[in-house]
Every structure is written in C-alpha cells, then in structure tokens.
Amino acid sequence: MRAILLFLLLGTSLPVCAAIAVAGYTAKPLSQLAIYPESRALAQVVAENESRIAAEVSARIQQITVRLGQSVRKGAILVKLDQRQYQLSLEQAGNQVNLLQNRYKLAELQFAQAKALHASQFVSAQVLEQRRTEMAVLDSEIKIARHGVAQAKLSLEKTTLRAPFAGTVKERLAGEGELAAPGQPIVTLVEESKNELRARVPQRDIAALKGDKAPVFKQSGQTFPTKIVRIAAVIDPKAQTRDVILQAEQALVSGSAGELVWASNKPHLPAAYVQQRGAQLGVWVEEAGKPLFKPLPQAQNGRPVPVDWPLATRVIDAGRFALANPPAASAK
C-alpha cells in the first residue's frame, strides 16, 4: 500500500517539476554574449627595396668592401673594379680634346689672317669661307671629343659600385678576382628603413578585415598593431585571395614571418546557443516577455553563428535547453 501511495505521489509531482523547469529561464542582451571570432592569414615583412647591385662595365673585381650581414649607409662603397683600362680611356679622350683645341686656335688665327688679307683683296672670298668652315668643323669635333671625355669619366665612375640606399648586405654573389660582365650581380642589398607587411587574405574575409578593429601582426609571442595601406584590386583566380599591404606601428625586421589576425566586425553567438528544433537550427530569444525560437538558416552545428540583430536583443541563457517548441515558430 505504501509503495502504491509513493508511486501516486511521484506521478502527480512530475508535471509540476517540468513546468517549473520550463518557466525558469534567464535572458541576457546580445551585447553581453556576442563574440567576434578571429581570422588569420600568413604574413611576411618584405623590404620595399631588395636590389642586386650589378656591374655596369666589364672589369675584374678588385675588392668587395662589405661582408654578409653588414649594414651600410647610402653612398658607401660596396665593390671596387679594376680601373686601369678606364683611366687610360679617360686620359686618351682628354688628350683628343687638347689636340683639337690647339688645332682650333691655329684655324682661328688663319681665319683672322685671311679676313685681313681679304679686306686688302690679297685673298679671295672663297679662301675666307674655307677658313671659316675649318673653324666650324673643328668646333664640332671638340664638342664630340668632350662628350667622349664625359663618357670616359662615367665609365670610370662605374668601376666603383656604391650603395643606392642605406641597407644590409644579404648576399655576396661573386668573389674578388673574378671578371665581372655588365649586368652581373655582385652584392644583394636590402633596405633597412623601408619595409611593408604583406598578407594574402581570402576574398570572403576582406570586408571583415576592413572593419572597425585594426588587424594585428603576431610573431614569436609578440603583437604589433598595424594599419592597412592598400588592398590589391585583383583577385587571384585560383586561390580567391587578394594581396593586402599593411604598415606596422613599430619597426619590423625584413624577412620575418608571422600571422595577420583580425576580428570579425559582425557579432556572433557562441555555438552553445544554437539549438535544433525540428529541421531548423536557431536560437531562443525573449520577445514581449516570452521565449521565442528564431531560426537561423546560416547556422551550423558546433560553430558560432553571425547575427545582424540589435545588441539589445535579449537572448535566453540559462534554461534554454528546457524550453519546449513554441506553438508557432517565428522566422524573423
């Protein structure tokens, strides 16, 4: 009899407990529950200028004055080539100018004499014109010879290779005593002061990357704030990515790599709030003081779901798993 009475007592109390469980829920505004998932992309610090300093004239390498990893200032001597051939060429070009200038002086004197004789009618106008023409020809030859001097000076200057910018020696591509040909790289120089951060970001993430929160560069446990400089207008057709160029607020070492990290600018609800009711995934919210199930077609099990609701939207927190299907579901 006692067992029957106990069974009847328990049977009558179960609906009461279930009703209490259904009615007992709490709700919080979306602003307290929302998360902003992070996205990541590989990024690398690339120098704006990484130049292979090459010979412009043919000569034997006499001396490479820099070593691997050495920092140099702008204009510093990097390589010295054998200058003897070009010094002789410059000397020869200078002698040619001197020779022509002396001939011009003689032609000038002869023209003056012919002019005086022509005035006295001792020489014809034809002779006078001939002297004038000789002077004009020599003047043109002097100009050409002076261009030859300038060219010889330039070739001589090219036997000394200088740093076009302040940087660090990355490679030595030739050795002393080798014969350098025009266009042959001898030293690789990387600019120190100017570099940029480059990352390839999926096209689908570009909007989030351009959001209110600036991306950061993470490397070896350190975080560096960055700002976007430009985004390539062209999309890689295979990877569906775009090149993004950024600038860090602090100096970064060229060649270093890490991750570009940015947060979504759209609020997401944690995956734990997504439930399934029938064939639909959605979230319980409170509207007009009552629980309401909102289907979210874009929701996926086990993943945070983006929502475009006002941050004041009240989302049911504790007790959401005990809620039963409402009489009519809303698809707002």
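Residues numbered from 1 in each chain as written. Predicted model: local features only at pLDDT ≥ 70, side-chain atom pairs only at ≥ 80, totals over all residues. Heavy atoms only, no water.

*Asks:* Please provide a residue-by-residue account of the overall build of the protein chain, values included.
*Replies:* Each helix and strand counted, the protein chain has 5 helices and 21 strands in total. For the protein chain, the C-alpha radius of gyration of 42 Å lies well beyond 20 Å, the compact-globule estimate for 332 residues. When the backbone C-alpha atoms are referred to their principal axes, the protein chain occupies close to 160 × 50 × 30 Å. Per-residue burial over the protein chain gives 34% buried out of 332 residues. Considering only intrachain contacts with a sequence separation of at least 6, the fraction spanning at least 24 residues in the protein chain is 75%. Treating the 41 positive side-chain charges of the protein chain as one cloud and the 28 negative ones as another, the clouds have centres 6 Å apart. (Helix = DSSP H or I, 4+ residues; strand = E, 2+ residues; numbered from the N terminus. Rg over C-alpha atoms; globule rule 2.2 N^0.38 Å. Buried < 20%, exposed > 50% of the residue type's maximum accessible area, 1.4 Å probe, protein only. Contact = heavy atoms within 4.5 Å. Lys, Arg positive; Asp, Glu negative; His and termini not counted. Charge placed at Lys NZ, Arg CZ, Asp CG, Glu CD.)

*Asks:* I'd like a description of the pattern of salt bridges, backed by residues and values.
*Replies:* According to the stated counting rule, one finds 16 salt bridges in the structure shown. Arg 198 is paired through a salt bridge with Glu 196; the nearest N and O atoms lie 2.9 Å apart. Given a relative accessible area of 37%, Arg 198 falls into the partly exposed group. With relative accessibility at 9%, the residue Glu 196 sits in the buried group. Salt bridges linked by common partners bring Lys 28, Asp 317 and Arg 320 together as one network. (Salt bridge = Lys/Arg side-chain N within 4 Å of Asp/Glu carboxyl O.)

*Asks:* So, the sheet that holds strand β4 (residues 59-64): which residues are in play, and what are the values?
*Replies:* Strand order in the open sheet made by the 4 strands is β7-β6-β4-β9, with antiparallel pairing throughout. The open sheet has two edge strands with one neighbour each: β7 (160-162) and β9 (179-180). Alignment of strand β6 (residues 77-81) against β7, held across 3 bridges, turns out to be antiparallel. Looking across to β7, one finds that Val 79 is bridged to Leu 161. (Pairing = 2+ DSSP bridges.)

*Asks:* Please set out the packing of aromatic side chains residue by residue, giving values where relevant.
*Replies:* Taken as a whole, this structure holds 2 aromatic pairs when the rule is applied. Its end group placed over the ring of Trp 309, Lys 294 keeps NZ or CZ at 5.0 Å from the ring centre. (Phe/Tyr/Trp six-rings, centres within 6.5 Å; stacked < 30°, edge-to-face > 60°. Lys NZ or Arg CZ within 6 Å of the ring centre and 35° of its normal.)

*Asks:* How would you explain unusual backbone geometry if you had to name every residue and give the values?
*Replies:* With a phi close to 65°, Gln 121 is a non-glycine residue in the positive phi region. Within the secondary structure layout, Gln 121 lies in the loop between α3 (84-119) and α4 (125-157). A residue is classified by how much of its surface remains accessible, and Gln 121, at 73% relative accessible area, is exposed.

*Asks:* Give me the lowdown on the nonpolar core, citing residues and values where you can.
*Replies:* Counting 23 residues, the largest nonpolar core has Ile 61, Val 79, Leu 81 and Ile 186 as the members making the most contacts within it. Taken together, the elements giving at least two residues each to this core come down to β4, β6 and β10 (185-191). Excluding anything up to four places from it in sequence, Val 79 contacts Ile 61, Gln 63, Ile 64, Thr 65, Thr 159, Thr 160, Leu 161, Ile 186 and Val 187. Counting residues in each nonpolar core, the second largest holds 17 residues, with Ala 43, Ile 206, Leu 209 and Phe 217 among its members. (Core = buried A, V, L, I, M, F, W, Y, C linked by side-chain atoms within 4.5 Å.)

*Asks:* Tell me about the layout of surface pockets, and please be specific about residues and values.
*Replies:* By rolling a water-sized probe across the atoms, one finds the places where empty space is left. Within this model, the largest pocket holds a volume of roughly 540 Å³. In this structure, the largest pocket is lined by 19 residues; those nearest its centre are Ser 39, Asp 205, His 268, Arg 303 and Pro 306. Residues of the lining of the largest pocket, tallied by class, amount to 8 nonpolar, 6 polar and 5 charged. (1 Å grid on protein atoms, 1.4 Å probe; cavity = no way out; pocket = protein on both sides within 12 Å on 5 of 7 lines; lining within 4 Å. Points joined across faces, edges and corners; volume = space filled by probe spheres on them. Nonpolar A, V, L, I, M, F, W, Y, C, P; charged D, E, K, R; others polar.)

*Asks:* Could you give an account of the pairing of β4, with specific residues and numbers?
*Replies:* As judged from the 2 bridges shared by β4 and β9, these two strands associate in the antiparallel manner. What sits directly across from Arg 60, in β9, is Leu 179. In the sheet, β4 pairs with β6 via 3 bridges, with the strands oriented antiparallel. Of the residues in β6, the one forming a bridge with Gln 63 is Lys 80.

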